[in-house]
Amino acid sequence: MLQFVNTRADGAGHIEVFGTATGFADWAVERDLLTTESVVTDSDAAAARELRDALVTVFLAHAGDPAVDDAQIAGAEKYLRQAGARYPLTTVVTMEAAQLIAGATGVPGALGTILAAVTEAAHSGDWKRIKACCNPPCHFGFVDRTRNRAARYCSPGCGSQVSMRAYRQRQKQAAS
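Residues numbered from 1 in each chain as written. Predicted model: local features only at pLDDT ≥ 70, side-chain atom pairs only at ≥ 80, totals over all residues. Heavy atoms only, no water.

Enquirer: Before we go on, may I ask you to explain helix α5 (residues 106-124) in this structure?
Expert: Along an α-helix, residues three or four apart share an orientation, since each turn contains 3.6 residues. Between the first and last C-alpha of α5 there are 27 Å, a value that for 19 residues agrees with the 27 Å anticipated at 1.5 Å per step. All buried positions along α5 are accounted for by Val-107, Gly-109, Ala-110, Leu-111, Gly-112, Ile-114, Leu-115, Ala-116, Val-118 and Ala-121. After α5 finishes, the residue Gly-125 shows a positive phi value of roughly 95°. (Helix = DSSP H or I, 4+ residues; strand = E, 2+ residues; numbered from the N terminus. Expected span 1.5 Å × (residues − 1). Buried < 20%, exposed > 50% of the residue type's maximum accessible area, 1.4 Å probe, protein only.)

Take a look at the structure:
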C-alpha cells in the first residue's frame, strides 16, 4: 500500500508514476497486480491517481497536518467509500486464515487489491500509524514507529526543511 501511495511526484525529483497509462501499467505489472496482457487506459491511470490522492489526504490527517481541513478529509472519505463500491472485495476463509482479495480482475482488481491492503492495515491496528509526511513537497507515505505516535515527517531531513522554512519566514516578517 505504501508503494502505491509513494508513486507521486515530489520535491525530491521523483516523477509521477501514474501520469500515463503505460506508467501505471508498468508499476502494476512489476507488483503482479496486472498481467502484461492487461489493457490499461489513461482513465485507469487517473482512477489510480484519485485513489492514491484520497489515501494521501487521510494519511496527512493521521499525521495531524494543519493544511488538511475537514472538507478535504470528508471529500477523501467520500471518494474512498465510492471506490469501495467500485472495486469490491471478496473474503477468502481457510483453516489457516481469512483474508480479503479483489473481487475482480484487470485494473479494478489491481485497485481492489490496494483497498484490501488498506482494510487489512486498518484491522491490524496499524491504520493510525500510517501517515504522510507533512512537508508540502514530499507527502511521502510512512509508518510511524515512534512510541507516542507523534511523527509528522518521513525523515529528519523533511522535518529540518519545514523548520528552516518557518525560520526564514519569521526572519522575513521581522525584517519588514
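So, next bit.
Enquirer: What exactly am I supposed to notice about the pattern of salt bridges here?
Expert: Once the charged atoms of two side chains with opposite charge are near each other, the side chains can pair. This structure, assessed with the given rule, holds 4 salt bridges. The shortest N-O distance in the salt bridge between Asp-53 and Arg-52 comes to 3.3 Å. When its relative accessible area of 35% is taken as the criterion, Asp-53 is described as partly exposed. Relative accessible area serves as the criterion here: at 2%, Arg-52 is assigned to the buried category. Salt-bridge contacts for Lys-131 lead to Asp-144; the nearest nitrogen and oxygen are separated by 2.7 Å. Here the residue Lys-131 occupies a position in strand β3 (residues 130-132), and Asp-144 occupies one in the loop between β4 (141-143) and α6 (156-175), the gap between them amounting to 13 residues. On the basis of relative accessibility, which here comes to 2%, the residue Lys-131 falls in the buried class. One network of salt bridges, with partners in common, ties together Glu-16, Arg-52 and Asp-53. (Salt bridge = Lys/Arg side-chain N within 4 Å of Asp/Glu carboxyl O.)

Enquirer: In this structure, what is going on with the environment of Gly-157? I would like to understand it.
Expert: Tracing the sequence through the fold places Gly-157 in helix α6. The spatial distance from the C-alpha of Gly-157 to the C-alpha of Asn-135 is 9.7 Å, given a sequence separation of 22 residues.

Enquirer: Just checking my understanding: could you explain the nonpolar core for this structure?
Expert: One broad rule of soluble globular proteins: the nonpolar side chains tend to lie buried together. Among the nonpolar cores identified, the biggest contains 37 residues, and Phe-4, Phe-24, Leu-51, Leu-55 and Leu-111 are the most heavily contacted of them. At the level of secondary structure, the elements contributing two or more residues to this core comprise α1 (2-5), α2 (21-30), α3 (42-62), α4 (70-86), α5 and β3. Per-element accounting of this core gives the leading share, 10 residues, to α3. In this structure, Leu-55 is in contact with Phe-4, Val-5, Leu-80, Ile-114, Val-118 and Trp-127, ignoring residues within four places of it in sequence. (Core = buried A, V, L, I, M, F, W, Y, C linked by side-chain atoms within 4.5 Å. Contact = heavy atoms within 4.5 Å.)

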